[in-house]
Each structure stands twice: as C-alpha cells, then as structure tokens.
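Listed here are the chains, written in short residue letters.
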Amino acid sequence: MSHRKRSTALALASALAGPAVLLAAPAARAAVVDVAYACVTPIGDKSAVSPIDIKAVKEGAGYKLTMSFQKGVSSSPVELGKGAMSPSAVIQVGGAEKATVAVTGPPNPEAVPANTPIKITDLSGTYTPKKSGKVTFTAGVLTIKALGTTTTCTPGNGPGPSLELDVTGSGGGAPEAPEAPEALPQTGPTDSALALGTLGATVLLTGAAGVLWLTRRGQRARS
C-alpha cells in the first residue's frame, strides 16, 4: 500500500472511531462547588465554606451517590475521640425530578483536637430515579451528631449543582393513563356482564309477554 493510501485509510479510521468515542462518553457533568454553611451548634452559630464534590456510580436500577467535603465545616470546644462524631446530609435532586437523597458516613476515624475544623467523612446513599431526563444533585443540610449534641449546617449561599446526570426512570417517562370521569360509576367486567344479562332478560320477558298477549287477543277476536 502506498504512503498516500495508508494516510487516507488512517484518516478514515480515525474519523469513524471519533464519533464512537463521543457516543460512549457518559452524559454527566460534575463540578466542585463551594458551599457556605451556616451552622447552629451547642455553643453558638458558626459558619464555614467547604468545596463539595458529588459523584454517581450506576448500580442496578439506581445510582450510588458519594458526597465529599474538602474542608471541615465546624469545630468542637473539646476533643472528639475516635468514633465520637457521626455525620449525615441531604442531597437535593432537581431537574426532571424533585427529590431528596439521604447520605450517611462512618464516624471520625481519628480523634479531632479541640477547636479544630471537623473533617467530614465521605457520605453515601442510593438514588433510584422514577422519571427520565436530566437531573441535578446539590448539597443540602448537613447534620453532625457528637457527644450527645446535634449541629445543623444549612447552605446559605444557594449553591449550584455539584453533578448533572441523564437518567432513565423506572417509569420510563410513559404518560399516565387518563382517569375516568367522576360522574360515571366504575363497574368491573362481572358487574357489566350481570347488568347486560339482566337487561337482556328483561327485554326477552317483555317480548314474550307481548307475543302471549297478542296471541290471546287474536284468539278472543276469532271466538
């Protein structure tokens, strides 16, 4: 094969392979978003900003969501021993479907010194879409429980989504069947058959009575 023919073949192969790679790419967009948390703690109100990352991995009919905090968002006036703090949060789902996903994580693997930002472990949960389309995932309320106290941290800056994903819901996006008018009584197949049978019997009896009456009247007229 000449050099020119070889170059043409390679260019054609690259052109054909290019769209295939693009089509195989996942329909997702992720971004690390700064979330400004306003925290209500047992020792007063505090605030902190943490970059939040949300990832999704397909598992069966749903997705495993993982929410990662790149900075601590609160602190404790006393040392927190290993395993003393339990975090949880809510991820807001928007777009084609409005929902919330609860995510939880393991307790702190190491002791947290006093007055030191608490590093939140990765939080995870499962999202199973009911509708099809493009959905977004945004950081919601964070809850920290430690030493019998509860700290609630709420995003105060209206953060944007950390993840955007095309999903296929369990309903497949099929339109719902129209409801029957309320004025019409709903009857099952058995009720309908009984109603038609009763109506038919009534017509049959009426017809038989009419024939019988006409027959007797004819006999009286001849006598």
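Here goes a summary of the coordinates provided. None of the values given here were measured: they were computed from a predicted structure. (Residues numbered from 1 in each chain as written. Predicted model: local features only at pLDDT ≥ 70, side-chain atom pairs only at ≥ 80, totals over all residues. Heavy atoms only, no water.)

1. Comments concerning the overall build of the protein
Point 1. For the protein, the helix and strand inventory stands at 2 helices and 10 strands.
Point 2. N-terminal to C-terminal, the α/β element order of the protein is α-β-β-β-β-β-β-β-β-β-β-α.
Point 3. The buried share of the protein, taken over its 223 residues, is 26%.
Point 4. Here the contacts in the protein between residues at least 6 apart in sequence split such that 68% fall between residues at least 24 apart. (Helix = DSSP H or I, 4+ residues; strand = E, 2+ residues; numbered from the N terminus. Buried < 20%, exposed > 50% of the residue type's maximum accessible area, 1.4 Å probe, protein only. Contact = heavy atoms within 4.5 Å.)

2. Observations regarding the state of the cysteines
Linking two cysteines covalently via their sulfur atoms produces the bond known as a disulfide.
Point 1. Taken as a whole and assessed by the stated rule, the structure comprises 1 disulfide.
Point 2. Each disulfide pairs two cysteine sulfurs, and for Cys39 the partner residue is Cys153, the sulfurs being separated by 2.1 Å. Between Cys39 and Cys153, the S-S dihedral sits near 110°, and the bridge is therefore right-handed. Here Cys153 lies in strand β9 (residues 149–155) and Cys39 lies in strand β2 (residues 33–41), a separation of 114 residues in the sequence.
Point 3. On the basis of relative accessible area, Cys153 is assigned to the buried category, the value being 0%. (Disulfide = S-S within 2.5 Å.)

3. A closer look at the environment of Tyr127
Point 1. Relative to the helices and strands, Tyr127 is located in strand β7 (residues 123–127).
Point 2. Distance from Tyr127 to Lys64, taken between C-alpha atoms, is 6.4 Å for residues 63 residues apart in sequence.
Point 3. In contact with Tyr127, not counting residues within four places along its chain, are Gly62, Tyr63, Leu65, Val93, Glu97, Val101, Val135, Phe137 and Val167.
Point 4. Polar contacts involving the side chain of Tyr127 include one to the side chain of Glu97, which spans 2.8 Å. (Polar contact = N/O pair within 3.5 Å; in protein donor to acceptor, adjacent residues only side chain to side chain.)

4. Considerations on the packing of aromatic side chains
Point 1. Enumeration over the complete set of coordinates arrives at 2 aromatic pairs.
Point 2. Stacked on the ring of Tyr63, the Lys or Arg Lys58 has its end atom at 5.2 Å from the ring centre. (Phe/Tyr/Trp six-rings, centres within 6.5 Å; stacked < 30°, edge-to-face > 60°. Lys NZ or Arg CZ within 6 Å of the ring centre and 35° of its normal.)

5. Quick notes on the nonpolar core
Point 1. With 33 residues, the main nonpolar core has Tyr37, Met67, Phe137 and Leu142 as its most contacted residues.
Point 2. Listed by contribution, the elements that provide at least two residues to this core are β2, β3 (44–59), β4 (62–69), β5 (85–95), β6 (99–104), β7, β8 (133–146) and β10 (163–167).
Point 3. No other element matches the 6 residues that β8 contributes to this core. (Core = buried A, V, L, I, M, F, W, Y, C linked by side-chain atoms within 4.5 Å.)

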